[in-house]
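Each chain is listed here by its residues.
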Amino acid sequence: MKREEKNAQSRQRILEASLREFSAKGYDIASLNTICAENDISKGIIYHYFKDKDEIYLLCVAECFEKLTSYMADAVKGMAGTMEQRLRGYFDARLRFFAENPLYLGIFNDAALNPPDSLIGDITEARKAFDELNISVLTCLLESTTLREGVTVPAVVEDFRMYMDYFNLRFKAVLVGARSPEQALRKHEERCHRQLGILLYGVLGDRDENR
């Protein structure tokens, strides 16, 4: 085996072991010592390929968002129907991705809902394409309907982005009380879907105009 191939295999083995560790425990609790002990990897080998824990974690985060973004980009291409049907289809596709790729679930929850303060800027960059896809989906939905007078698509998009920043910050409490990452994600997606619905439709049901 050529040295380049061996190096690539060793590096990939470390990343796969790290993905399992960070997915299961999150950044704060995950340990390079545990990765070494449970996977028969020397710490010297880890530092031969990677600078530190932060670099490995960010590579796992980048891989998660790259795979998720690619999956969702393919999913939205085939979506049709009413706005509500497309919204439901979008959130269902996100849940399917994590059901099919469970290792990415813990990474997503940790990076998106409970990011380490020191790495927020790097994580923001790693998820940039995913966030842009979300905004493009929302923009497409808004442009397919008639908005109230005085309301513009860019304004709604900006309001939604600010609201979701606050929503995700408050959602940390749900992570603490969740029995599993799957439960936490499902609650997050359900609430996110509901809040987007409120943004688009308000909270009042159909009313009898004669009353």
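Not measured: the values here are computed from a predicted model. Positions within a chain are numbered from 1, following the residues in the order the chain's sequence is written. Residue-level local features of this predicted model are given only where pLDDT is at least 70; pairs of side-chain atoms are given and counted only at 80 or more, and the full residue set underlies all totals for whole chains, interfaces and linings. Side-chain metrics rest on all non-hydrogen atoms present in the structure, leaving aside hydrogens and water.

J.: I'd like a rundown of the packing of aromatic side chains, residues and numbers included.
T.: Aromatic rings from Phe, Tyr and Trp, with only the six-membered ring used for Trp, were paired whenever their centres fell within 6.5 Å, and each pair was classed as stacked if the ring planes differed by under 30 degrees, edge-to-face if by over 60, and tilted otherwise. Overall, the coordinates contain ten aromatic pairs when judged by the stated rule. On the basis of an interplanar angle of 80° and a centroid distance of 5.1 Å, the ring pair of F97 and F98 is categorised as edge-to-face. Exposed residues in this analysis have more than 50% of their type's maximum accessible area, buried residues have under 20%, and partly exposed residues fall in between, with area computed by a 1.4 Å probe over protein chains only. We classify F97 as buried; its relative accessible area is 2%. Here F98 falls in the buried class, since its relative accessible area comes to 4%.

J.: Describe in detail helix α6 (residues 103–113), supporting the description with residues and values.
T.: Of all eleven residues in α6, ten are buried, a share of seventy percent or more. By definition, any uninterrupted DSSP run of H or I lasting at least four residues is a helix, any uninterrupted run of E lasting at least two residues is a strand, and each is numbered from the N terminus. Of the residues making up α6, those classed as buried are Y104, L105, G106, I107, F108, N109, D110, A111, A112 and L113.

J.: Account for the pattern of salt bridges, naming residues and giving values.
T.: We define a salt bridge as a contact between a side-chain nitrogen of Lys or Arg and a carboxyl oxygen of Asp or Glu at a distance within 4 Å. Counted by the stated rule, this structure contains four salt bridges. Residue R127 is joined to D131 by a salt bridge in which the shortest nitrogen-to-oxygen separation is 2.8 Å. Using a relative accessible area of 15% as the deciding quantity, one classes R127 as buried.

J.: Account for the nonpolar core, naming residues and giving values.
T.: Residues F22, Y57, F65, L68, F98 and F108 are the most contacted members of the largest nonpolar core, which totals 56 residues. The contacts of F22, once residues within four sequence positions are left out, are Y27, A30, K53, I56, Y57, C60 and I107. For the purposes of this section, nonpolar cores are sets of buried Ala, Val, Leu, Ile, Met, Phe, Trp, Tyr and Cys residues that join through side-chain atoms within 4.5 Å. Residue contacts are counted whenever heavy atoms from the two residues lie within 4.5 Å of one another.

J.: Tell me about the environment of S144, and name the residues and values.
T.: Residue position: S144 is located in the loop between α8 (128–143) and α9 (153–170). Judged by its relative accessible area of 43%, S144 is partly exposed. Measuring from C-alpha to C-alpha, the distance between S144 and M83 comes to 8.3 Å, with 61 residues separating the pair along the chain. When neighbours within four sequence positions are excluded, S144 is seen to be in contact with M83 and R86.

J.: So what's going on with unusual backbone geometry? Residues and values would help.
T.: Glycine aside, residues mostly have negative phi, and peptide bonds are mostly found in the trans state. Phi is positive for D40, close to 55°, though the residue is something other than glycine. What makes D40 exposed here is its relative accessible area of 68%.

J.: Quick one: what's the story with the state of the cysteines, residue by residue and with numbers?
T.: For the purposes of this analysis, a disulfide is any pair of cysteine sulfur atoms at a distance within 2.5 Å. For the coordinates displayed, the defined rule picks out zero disulfides. With no disulfide of its own, C60 lies 9.4 Å from the sulfur of C64, the closest cysteine sulfur. Note on C60: relative accessible area 2%, which makes it buried.

J.: A description of the confidence of the model for the protein should follow, citing residues and the corresponding values.
T.: Note: pLDDT gives the predictor's confidence per residue, expressed from 0 to 100. When pLDDT is averaged along the protein, the result is 86; 88% of the residues meet or exceed 70. Long-range and interchain partners of residues 207–211, a stretch whose pLDDT sits below 50, account for zero contacts in this model, where long-range means more than four residues apart.

J.: Break down the packing of helix α1 (residues 3–29) against helix α2 (residues 32–39) for me, citing the residues and quoting the values.
T.: Where α1 contacts α2, the axes come no closer than 10 Å and their chain directions differ by 120°. Relative to α2, the element α1 is oriented oblique. The handedness of the crossing between α1 and α2 comes out as right-handed. Contacts from R13, A17, S18, R20, E21 and K25 of α1 reach α2 at T34, I35, E38 and N39. Here the contact of α1 with α2 is built from residues that sort into two nonpolar, three polar and five charged. All axes are obtained by fitting lines to C-alpha atoms, using only the stretch in contact for helices, and the reported angles, taken between N-to-C directions, cover 0 to 180 degrees. Angles below 35 degrees are treated as roughly parallel, those above 145 as roughly antiparallel, those between 65 and 115 as roughly perpendicular, and all remaining angles as oblique. Each crossing gets its hand from how the near helix is turned against the far one by less than a right angle, where anticlockwise is left-handed and clockwise is right-handed. Note on residue categories: nonpolar means Ala, Val, Leu, Ile, Met, Phe, Trp, Tyr, Cys or Pro, charged means Asp, Glu, Lys or Arg, and polar means any other residue, Gly included.

J.: Describe the packing of α1 against α6, naming the residues involved and giving the relevant values.
T.: At a minimum axis separation of 8 Å, α1 and α6 run at an interaxial angle of 40°. Accordingly, the angle class assigned to the pair α1 and α6 is oblique. Like other packed secondary-structure pairs, α1 and α6 cross with a definite hand, here left-handed. Where α1 abuts α6, its residues L19, R20, F22, S23, G26 and Y27 lie against L103, Y104, G106, I107 and D110. The residue inventory of the contact of α1 with α6, partitioned by class, reads six nonpolar, three polar and two charged.

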